[in-house]
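# Per-entry structural report
Listed here are the chains, written in short residue letters.
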Amino acid sequence: MSSRIIPAVVCLSLLWQVVLPASGAAGSPIAEVICAPRAEMLQRLTLTYGAQLAGQGVRNLEMVMEVWTTPRGDWTLVQSYTDGRACIVAMGEAWEVVEGDPA
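The shown structure was predicted, so the numbers you read here are calculated from the model rather than taken from an experiment. (Residues numbered from 1 in each chain as written. Predicted model: local features only at pLDDT ≥ 70, side-chain atom pairs only at ≥ 80, totals over all residues. Heavy atoms only, no water.)

### Quick look at the side chain of Thr 76
Inspection of the secondary structure assignment puts Thr 76 in strand β4 (residues 75-81). For Thr 76, a relative accessible area of 10% translates into the label buried. If near-sequence neighbours (up to four positions away) are discounted, Thr 76 is found in contact with Leu 45, Glu 66, Val 67, Trp 68, Ile 88, Ala 90 and Met 91. (Helix = DSSP H or I, 4+ residues; strand = E, 2+ residues; numbered from the N terminus. Buried < 20%, exposed > 50% of the residue type's maximum accessible area, 1.4 Å probe, protein only. Contact = heavy atoms within 4.5 Å.)

### Quick look at the packing of aromatic side chains
In the structure shown here, the tally under the stated rule is one aromatic pair. Ring geometry for Trp 75 against Trp 95: centres 6.3 Å apart, planes inclined by 55°, an arrangement best described as tilted. With a gap of 20 residues between them, Trp 75 in strand β4 and Trp 95 in the segment after β5 (85-92) connect regions that are remote in the sequence. Just above the ring of Tyr 81 sits the side chain of Arg 85; from NZ or CZ to the centre is 4.1 Å. (Phe/Tyr/Trp six-rings, centres within 6.5 Å; stacked < 30°, edge-to-face > 60°. Lys NZ or Arg CZ within 6 Å of the ring centre and 35° of its normal.)

Shown next, in the form of structure tokens:
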């Protein structure tokens, strides 16, 4: 399963070629966050990957967190800002919808 994640990350990095500048050391996790204008981000998620919005929540007055999923189970966590920018902060596979109480 994890063999699909690395090519997806590399593909997205090359596809967008837009990286949030790192404010710290070269090894900073923020250096790997992929950002783009929200409209462009959503177009690529939906048209290129077939992703659909699975859920969202307000993080604070300036940010909304969204989970986008594909029919094959891949997921992308997108942080959208009030200034029109959106950033992919995490991605993975094997997304499952949990109905009711998971316990």
